[in-house]
Amino acid sequence: MAYISNTQLSMWTSCPYTWQVNYIERRPTFVGNIYTVFGTSIHEIIQNYLNVYYNQTIKAADTIDLNKNFKKTFKELLDQSRDEHGDDFPATESQFVEFTEDGINILDEFKKRKGAIFPKKNHELLGNEIKLNYEIFPNINFIGYLDTVIRNKKTGLVKIIDIKTATFGWNRYQKANKLRTNQLLLYKHFYGLQESIEKIEIEYLILKRKLWEKADFPQKRIQRFSPASGKPSMNKVLKMLDKFINECFDSNGEKINNNYQKCDKSKKCKDCKEIPPI
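Residues numbered from 1 in each chain as written. Predicted model: local features only at pLDDT ≥ 70, side-chain atom pairs only at ≥ 80, totals over all residues. Heavy atoms only, no water.

Before going further, it helps to spend a moment on the packing of helix H5 (residues 66-85) against helix H6 (residues 93-117). Where H5 meets H6, the axes come as close as 10 Å, and the angle between the chain directions of the two elements is 145 degrees. Judged by the twist between their axes, the crossing of H5 over H6 is right-handed. Side by side, H5 and H6 meet where Leu66, Asn67, Phe70, Lys71, Phe74, Lys75 and Leu78 of the first sit next to Phe96, Phe99, Thr100, Gly103, Ile104, Leu107, Asp108, Phe110 and Lys111 of the second. Looking at the contact of H5 with H6, its residues break down into nine nonpolar, three polar and four charged. (Axes fitted to C-alpha atoms, helices over the stretch in contact; angles between N-to-C directions. Helix = DSSP H or I, 4+ residues; strand = E, 2+ residues; numbered from the N terminus. Left-handed = near helix turned anticlockwise from the far one by under 90°. Contact = heavy atoms within 4.5 Å. Nonpolar A, V, L, I, M, F, W, Y, C, P; charged D, E, K, R; others polar.)

Tracing the backbone shows Asn128 in strand S2 (residues 123-137). Among the polar contacts made by the side chain of Asn128, one reaches the side chain of Thr148 at a distance of 2.7 Å. Discounting chain neighbours no more than four positions away, the residues touching Asn128 are Gln47, Leu50, Asn51, Leu146, Asp147 and Thr148. (Polar contact = N/O pair within 3.5 Å; in protein donor to acceptor, adjacent residues only side chain to side chain.)

Looking now at the pattern of salt bridges. Side chains that differ in charge, positive against negative, can pair when their charged atoms come close. Inspection of every chain in the model, using the stated rule, returns 15 salt bridges. Arg209 is the salt-bridge partner of Glu98, the closest N and O atoms lying 3.8 Å from each other. Taken together, the positions of Glu98 in helix H6 and Arg209 in the loop between strand S5 (200-208) and strand S6 (222-225) put the pair 111 residues apart, joining distant regions of the chain. A relative accessible area of 31% means that Glu98 is categorised as partly exposed. One salt bridge connects Lys210 with Asp102, and the closest N-O pair in it is separated by 3.1 Å. Here Asp102 lies in helix H6 and Lys210 lies in the loop between S5 and S6, a separation of 108 residues in the sequence. A single salt-bridge network, built from bridges that share partners, covers Glu98, Asp102, Arg209 and Lys210. (Salt bridge = Lys/Arg side-chain N within 4 Å of Asp/Glu carboxyl O. Buried < 20%, exposed > 50% of the residue type's maximum accessible area, 1.4 Å probe, protein only.)

With that out of the way, let us pick up a nonpolar patch on the surface. A contiguous nonpolar patch, built from Phe168, Trp212 and Phe217 and spanning about 350 Å² of accessible area, is present on the exposed surface. Among the secondary structure elements, Trp212 is positioned in the loop between S5 and S6. (Patch = residues over 30% accessible without salt bridge, like charges linked within 9 Å, V, L, I, M, F, W, Y side chains within 5 Å. Areas by Shrake-Rupley, 256 points an atom, 1.4 Å probe, with all protein chains shown as cover.)

Moving on, we come to unusual backbone geometry. At Glu129, a position not held by glycine, the phi torsion is positive, near 55 degrees. Note that Glu129 resides in strand S2. Its relative accessible area of 35% is what places Glu129 among the partly exposed residues. One non-glycine residue with positive phi stands out, namely Asn139, at about 75 degrees. Its location among the elements puts Asn139 in the loop between S2 and strand S3 (140-152). With a relative accessible area of 29%, Asn139 lands in the partly exposed category.

Next comes the structure, spelled out in C-alpha cells:
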C-alpha cells in the first residue's frame, strides 16, 4: 500500500531527484528549523483556542493565556528539536526571543479579529487536524491532515482553512505559485469524496511574522487568501497527481526507482544542489 501526500507531489514536481532521495533512498534532506517549529507551535495554540471557542463559549476561550501558552510550547518544541538533531538544528537564543515576540504579535491580532475570520453564529467546528485517507487507486491512498474545518449549519457550506506562517506574508507571485497553493485543492477534492460533501470552500490563513517598515498602506499580520478551486484548476492539479502516480508507482503501490539525476545547473535547483552523495 502506497500513501501519497501533497508534500510528495510538490517535492517530485519541483525536483524528482530530491523526491527519490527522500522516499526511495530514505535519506531525509530536511529536518526542520526554527521556522517550522514556530509554525507548529502557533498552529497548536490557535487550534486549542478554536476547540474551546466553538465547543464551549467565547468567554471560556478568552480566558486562555495564548501568549503564555505559545511561549511555553515554542520553547518545548525547540528544545526537543535541538535534542533530536543537535548541530543540524541551529537556533540561537536571540532568534528564540525574536520569534517569540513575533508569535505574540500575531496572537494579539488573532484575538482581535477572530470573529471575522472564524464566525461563531450558526457555525460549528468539524475538527482540527482532520485525517484525510482516501483510496485513489487500488493500493494507493492520498493522505493529509486538514488544519481546521468549519461548517455553516444553515447553508451546509464547509470551509477548509490551512494555517501558514511567513516572514512578510505572500505576494502575488507566491499566490500564483501552484506548488504552494495546490495543497488545498487536493484537500478539497479528496475530503469531499471521503465525507460525501459537495459544498466546500478553501482558504489559506497566512500569519506574518514581520510588517514592512514605513509602509504607505495599512498592514495586518493575518492575511487571507482563497486560490481558484473551480473545475479548470482542479483538473490541472489532478492531472499532475496522475502523472506522478503513473511515473513513480506500480500497480501494487510500490515505488518505482527511475534513477533520477540532479537537476541541470541551468535550473538552479537549490534542493538537489545541497544533497551530498551517498
